[in-house]
Amino acid sequence: MGTIIAPARADMPTPDRLLQQFWQIAFFSEEEGYGRAGRLIKWEGPILARIYGENVRQYVPEVQAHLNDLSRLSGLSITILNDLTTPSNLDIWFRTEEEMRRNRPDGLCSARVESINFRIVQAQVNISREIPEKRRHCLVEELSQSMGLLNDSSLFRTSIFNDHNRIIRLAPWDEQMIYMLYDPRLEPGMTLDQALPTMKSIVNGFAARNPF
């Protein structure tokens, strides 16, 4: 099925590999900007999501399942809005391939965020809906990146942040990346030098528990 997350030998995490993965995806972006300047950005308050597109009701279970994972890992309240009056701060669009190419010439799924003082205040995720496996992968990848992990990395072969695969759920080390970003000791706006001692403490804790 291509969805089982079994650690390949090359993917076995060590503290150094986890630190490098976090450095690559948390301090940089696929696209320049986002007001990041080599600093951590993250949400601080509740996330209110709204889903857009044709026949979106069929996608709600997929979206809800992944938002539940992100809420568990980040400690944030994440809710899908059902009314049209409450303002959302996370907009999830399910689009056709043609619509995707109007937004990006390459037609790829995307996550864009807006931040103020390195705190994310708004995000938009665009998902290609026509191919189920691509849709599921894009959903997990882009929603995860919208949490503030906005770069790709090829360090782990089996990772939602590696653009060369199509897995459709978070690998264990992907979960650790989200958990680490939302450790309260890592504050919005921190540089790598400022964050590194705490990052080392967190990944050493992962290694001590050795869940793999």
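Here, the structure is the one placed above.
Heads up: these notes are all about the structure in this document. Here the structure is a predicted model, which means the values were calculated and not measured.

**A word on the sheet that holds strand β1 (residues 47–52)**
Okay, so step 1: Across the sheet, five strands lie side by side as β2-β1-β3-β5-β4; this open sheet has mixed pairing. Among the strands making up the open sheet, the edge pair consists of β2 (78–80) and β4 (110–116). Going from strand to strand, the sheet's axes swing by 20 degrees on average, the running direction of each strand aside.
Okay, so step 2: Examined bridge by bridge, β1 and strand β3 (residues 90–95) share four bridges and lie parallel to one another. Bridging from a neighbouring strand, I51 pairs with I92 of β3.
Okay, so step 3: Those strands touched by helix α2 (residues 60–74) are β1, β2 and β3, and its axis lies near 170 degrees from that of β2.

**Structural notes on the state of the cysteines**
Okay, so step 1: Applying the stated criterion to the full structure yields one disulfide.
Okay, so step 2: Each sulfur of the disulfide joining C109 and C138 lies 2.2 Å from the other. Its S-S torsion of approximately 80 degrees makes the covalent link between C109 and C138 right-handed. Remark: C138 occurs in helix α4 (residues 132–145) and C109 occurs in the loop between α3 (97–103) and β4; sequence separation between them is 29 residues.

Conventions and cut-offs
- Residues numbered from 1 in each chain as written.
- Predicted model: local features only at pLDDT ≥ 70, side-chain atom pairs only at ≥ 80, totals over all residues.
- Heavy atoms only, no water.
- Pairing = 2+ DSSP bridges.
- Helix = DSSP H or I, 4+ residues; strand = E, 2+ residues; numbered from the N terminus.
- Axes fitted to C-alpha atoms, helices over the stretch in contact; angles between N-to-C directions.
- Contact = heavy atoms within 4.5 Å.
- Disulfide = S-S within 2.5 Å.

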